[in-house]
Amino acid sequence: MTLDEAKKRIETAVTQYGQHAAPAIDLVMAEVRSDMGFRTFNDLVEEFDLELLYNIAPMESDHSNS
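What counts as what
Residues numbered from 1 in each chain as written. Predicted model: local features only at pLDDT ≥ 70, side-chain atom pairs only at ≥ 80, totals over all residues. Heavy atoms only, no water. Helix = DSSP H or I, 4+ residues; strand = E, 2+ residues; numbered from the N terminus. Buried < 20%, exposed > 50% of the residue type's maximum accessible area, 1.4 Å probe, protein only. Contact = heavy atoms within 4.5 Å. Areas by Shrake-Rupley, 256 points an atom, 1.4 Å probe, with all protein chains shown as cover. Lys, Arg positive; Asp, Glu negative; His and termini not counted. Charge placed at Lys NZ, Arg CZ, Asp CG, Glu CD. Salt bridge = Lys/Arg side-chain N within 4 Å of Asp/Glu carboxyl O.

A. The arrangement of the overall build of the protein chain in detail. Along the backbone of the protein chain there are four helices and zero strands. Taken from N to C terminus, the helices and strands of the protein chain fall in the order α-α-α-α. Each of the three principal axes of the protein chain carries a C-alpha extent, and together these read 35 × 25 × 15 Å. Looking at the 66 residues of the protein chain, the share that counts as buried comes to 30%. Within the protein chain, contacts between residues at least 6 apart in sequence are counted, and of these 46% link residues at least 24 apart. Here the protein chain has roughly 4,500 Å² of accessible surface; of this, 47% comes from carbon and sulfur atoms. Each charge class in the protein chain can be summarised by its mean position, and for the 5 positive and 13 negative side chains these summaries are 5 Å apart.

Written out as structure tokens, the structure reads:
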């Protein structure tokens, strides 16, 4: 997955599910974390305000693979 694909998938989930988009966004964010690391994950949390809107919190650095 690319960053642009992740952003589009998040936007689609928000448009399609509104306030109930958290499960769909969680799936995208799991792929983001796996494919692009915690920094990109955190950038998307901030960009889309996911913590406030969907209770998806930024990750701490895991120092293992990023």
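B. Representation of unusual backbone geometry. Despite not being glycine, aspartate 49 shows a phi value in the positive range, around 55 degrees. Within the fold, aspartate 49 resides in the loop between helix 3 (38-47) and helix 4 (50-54). Its relative accessible area of 37% is what places aspartate 49 among the partly exposed residues. The phi torsion at asparagine 55 lies on the positive side, around 60 degrees, for a residue other than glycine. Tracing the chain through its elements places asparagine 55 in the segment after helix 4. Looking at asparagine 55, the relative accessible area reads 68%, which means it is exposed.

C. Spotlight on the pattern of salt bridges. Scanning all chains against the criterion turns up two salt bridges. Measuring nitrogen to oxygen at the nearest pair gives 3.4 Å for the salt bridge that ties lysine 7 to glutamate 47. With a gap of 40 residues between them, lysine 7 in helix 1 (residues 3-17) and glutamate 47 in helix 3 connect regions that are remote in the sequence. Salt-bridge contacts for arginine 9 lead to glutamate 31; the nearest nitrogen and oxygen are separated by 3.1 Å. In this pair, arginine 9 is assigned in helix 1 and glutamate 31 in helix 2 (residues 22-36), connecting sequence segments 22 residues apart. Note on glutamate 31: relative accessible area 32%, which makes it partly exposed.

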